[in-house]
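Descriptive structure summary
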Amino acid sequence: MPARQQQTVQLRYLQGLYIRYRDRPALLTELECLFGLRQVTVDSLSEIAAESALQLNEYLHAIGDPHAMSWVASQLDLAAGDGFLYYLRSANVLETAIAELLRFAPMLFSDGEMRVITEAEQWQIQLSPLPQTERLGCLLRYEAIVVWLIRGVSCIVGGDVRPLAVRVMTAKTDSTELDALCAAPVCYQASDFSVVWPKHYLKTKLPGFSASLHLTLQSLFNQRLQHFQAQHTLLWRTWQHLARGQQLAWADLANTAHALGLSSASFRRQLSLEGTSFRQISVQMKRSRAIHALLDPKIRLDDLAHLLGFAERSTFERAFGLWFAWSPSQFRRELNQSFPRRQNTKWHVAEVWSFAECHSERLDEALDQERVIWSKLAPYWLDNPKHTALLLVELNLLEIDFNQGMHAFAKFEYSLESYTYRNLLCSSRGVPPSLYQEQYRRAMWAANFSRAVLEDCAFAALDAEHGLMVWAAFFHRLATPLEDLPFAEHCRRSALLLILWGINADVLVYLLRWSNNATLISDYLEHALDYLSARLDRRALIDEDWRAEFGSQDKVYSQWDLILKRIQARDPNPNPNPSCIE
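Heads up: these notes are all about the structure in this document.

Procedures and definitions
Residues numbered from 1 in each chain as written. Predicted model: local features only at pLDDT ≥ 70, side-chain atom pairs only at ≥ 80, totals over all residues. Heavy atoms only, no water. Helix = DSSP H or I, 4+ residues; strand = E, 2+ residues; numbered from the N terminus. Buried < 20%, exposed > 50% of the residue type's maximum accessible area, 1.4 Å probe, protein only. Contact = heavy atoms within 4.5 Å. Areas by Shrake-Rupley, 256 points an atom, 1.4 Å probe, with all protein chains shown as cover. Pairing = 2+ DSSP bridges. Arc of directions from axis to C-beta. Axes fitted to C-alpha atoms, helices over the stretch in contact; angles between N-to-C directions. Core = buried A, V, L, I, M, F, W, Y, C linked by side-chain atoms within 4.5 Å. Expected span 1.5 Å × (residues − 1). Phe/Tyr/Trp six-rings, centres within 6.5 Å; stacked < 30°, edge-to-face > 60°. Lys NZ or Arg CZ within 6 Å of the ring centre and 35° of its normal. Salt bridge = Lys/Arg side-chain N within 4 Å of Asp/Glu carboxyl O.

**Describing the overall build of the protein chain**
When you go through the protein chain residue by residue, the secondary structure sums to 28 helices and seven strands. Across the 582 residues of the protein chain, 52% fall into the buried class. Sequence separation of 24 or more characterises 71% of the internal contacts of the protein chain that already satisfy a separation of 6 or more. Carbon together with sulfur atoms contributes 52% to the accessible area of the protein chain, which is approximately 26,800 Å² in total.

In structure tokens form, the structure reads like this:
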């Protein structure tokens, strides 16, 4: 399910960094190289990927400037943009403006939840990022949103409206800059982000009030909201709703339908039309929550079972075993054995795993277009297992029929906002050349070669789940591109990583099967990969244990030669060894 669906960031809103770092040109050059930052005009609509923006936040925090984005938010020209603040200013009183801000919150803060709480003497705006999106980059973004809200309320009222108190989820550092920007006491490491004002401000009459202007702008922004809602399926909205709840034990069909404004029957029927059900969504949410919780060694299995809605720990363990072929305890053990050098809690995030992040001029040219053209990007999805895996997660696993193999992507062209395609590819732009780039690219060749070999394999094609095996072969080396390991070990580690990323369990079945037991298919793939390695290294192949079921060795080798030449022709960059397949 798309836990990564976030809006791109327009570069015009980041131009304050050029002012903040005007005396540090080397840093600006570095930010441009690593994250795609560049100077644009105030009316430019050019964007950087959401992931790049999050990494930019984290990078600035790491170099000792934790509140850089909050400062940038304090420097934004509130008169610029899409006119939303003008719309709020045209309301009659602040209370009406804040009610409209709340109504449009899902569009403004799609990865979180906004609430307005009114008490006897004060009122507050409260923001909470969704569970499992609480990475540092996201928290720093919400910290900047808090600063923007404080300025926004003052802009709407037409005067300096200072808050009584501010709470943020970020940790306190040696810097006092955020306290100065908020002009109020700041409580750090709180359970949410919130800004508190005196209650009497809500009745303040706004100087920009215009009934006619308000109605005109309301119609415009209502259309934008309707477009936003139309782009998000009921499945997506159901997932977002469930993600906001801390305990899935209380989530049932009737309550969820009511929260989404539907009857139970209508809710069930609409989900069915989208090819899913509440039970499927709920199970997927439980799987996702369970996996992320198991990364934390402090979480007890009894507590986790209760949070997920299981009556007993044993019931949870049985369900987990059906999902992943491991018990929860075994899964933790396997992670520790396979990835013993995990250095931080975000090690499993897809963006920290380099896998042939080599961009070509053709790809960069396609990404720089204002409009994403699917036909120009599709080859890059289909050739890079990391990009493909992320796209599968983003496209929503419940929509994908993995048995269709690798050729069914095109029909999902309209399943997402166009920015999502660009985001997933853009998130790897600007990666500095690695000493291991050649090995990464060889791993990508191995992924494409094993995929194509299995697609063309006559005896494998007879299997009813041939498409699933093709996916598994494509992903088998994703976790260990630089390591010289047995095929079975590559499969085991990649299965663990893909579980964390949320890839469909059907694919994992084959990776796990190949990691535990040799099969005809896994033997065939091992021979194919040995052949590929020998060809790339320009050395003689030692023929051992060729099985009669594979067919004529000379004929199979000829087929593999053709596959290798096809892969060479598709590669937009120089070959790992140009003379290897001449």
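**Details of the pairing of strand β4 (residues 122–129)**
Of all eight residues that make up β4, seven are buried, and the element is covered over most of its length. Note: strand β3 (residues 112–118) against β4, seven bridges, orientation antiparallel. From the neighbouring strand, I117 faces β4, where its bridge partner is Q124. If you look at the hairpin formed by β3 and β4, you'll find three residues sitting between the two strands. Taken together, the six bridges between β4 and strand β7 (residues 193–198) define a ladder with antiparallel strand orientation. Opposite Q124, over in β7, you have V196 as the bridge partner.

**Some thoughts on helix α2 (residues 25–35)**
Buried residues of α2: L27, L28, L31, L34 and F35, and no others. Mapping the buried residues of α2 onto a view down its axis gives an arc of 135°, with all of them on the same face. Along α2, the residues that are exposed and aim more than 90 degrees away from the buried face are P25 and A26. The elements touched by buried residues of α2 are α1 (16–20), β2 (47–48) and α3 (50–62).

**What about the side chain of S44?**
Relative to the elements of secondary structure, S44 occurs in the loop between α2 and β2. Every residue in contact with S44, bar those within four places of it in the chain, is listed here: Q10 and R12.

**Looking at the sheet that holds β3**
The strand order β3-β4-β7-β5-β6 describes an open sheet built from five strands, whose pairing is mixed. If you trace the sheet from one side to the other, it starts and ends with β3 and β6 (186–187), each paired once. Against the sheet, helix α6 (residues 94–103) engages β3 and β4, with an angle of about 155° to β3. Strands β3, β4, β5 (165–167) and β7 of the sheet are contacted by helix α8 (residues 136–157), whose axis makes an angle of about 15° with β7.

**Some points on the nonpolar core**
For soluble globular proteins, the rule of thumb is that nonpolar side chains tend to be buried together. Grouped together as the largest cluster of nonpolar side chains are 96 residues, with contacts concentrated most on F331, F449, W501, W514 and W560. Look past the residues within four positions of W501 in its chain and what remains in contact with it is H348, V349, A350, W353, K386, A389, L390, V393 and L478. Among the nonpolar cores identified, the runner-up in size contains 71 residues, and L31, V153, L202 and F228 belong to it.

**Description of α3**
The end-to-end C-alpha distance of α3 is 19 Å, a good match for the 18 Å that 13 residues give at a rise of 1.5 Å each. Every buried residue of α3 is listed here: A50, E51, S52, A53, L54, L56, N57 and L60.

**Digging into the packing of aromatic side chains**
Applying the stated criterion across every chain, the model contains 34 aromatic pairs. The side chain of R451 reaches across the aromatic face of F474, ending 4.9 Å from its centre. The residue whose ring lies beneath R513 is Y510, and the NZ or CZ to ring-centre distance is 4.8 Å.

**Brief notes about the pattern of salt bridges**
Summed over all chains, the structure comprises 22 salt bridges. One salt bridge connects R313 with D302, and the closest N-O pair in it is separated by 3.4 Å. Here D302 lies in helix α15 (residues 301–307) and R313 lies in helix α16 (residues 313–324), a separation of eleven residues in the sequence. Exposure remark for D302: the relative accessible area of 35% places this residue in the partly exposed category. Linking E489 and R493 is a salt bridge whose minimum nitrogen-to-oxygen distance equals 2.9 Å. Taken as a pair, E489 and R493 lie in helix α25 (residues 487–501) at a separation of four residues, close to a single helical turn. Here the two residues E489 and R493 agree in accessibility, since each one is buried.

**Here's the deal with the environment of R89**
Mapped onto the elements of the fold, R89 is located in helix α5 (residues 84–89). Dropping the residues within four chain positions of it, R89 is found in contact with C155, I156, L206, G208 and F209.

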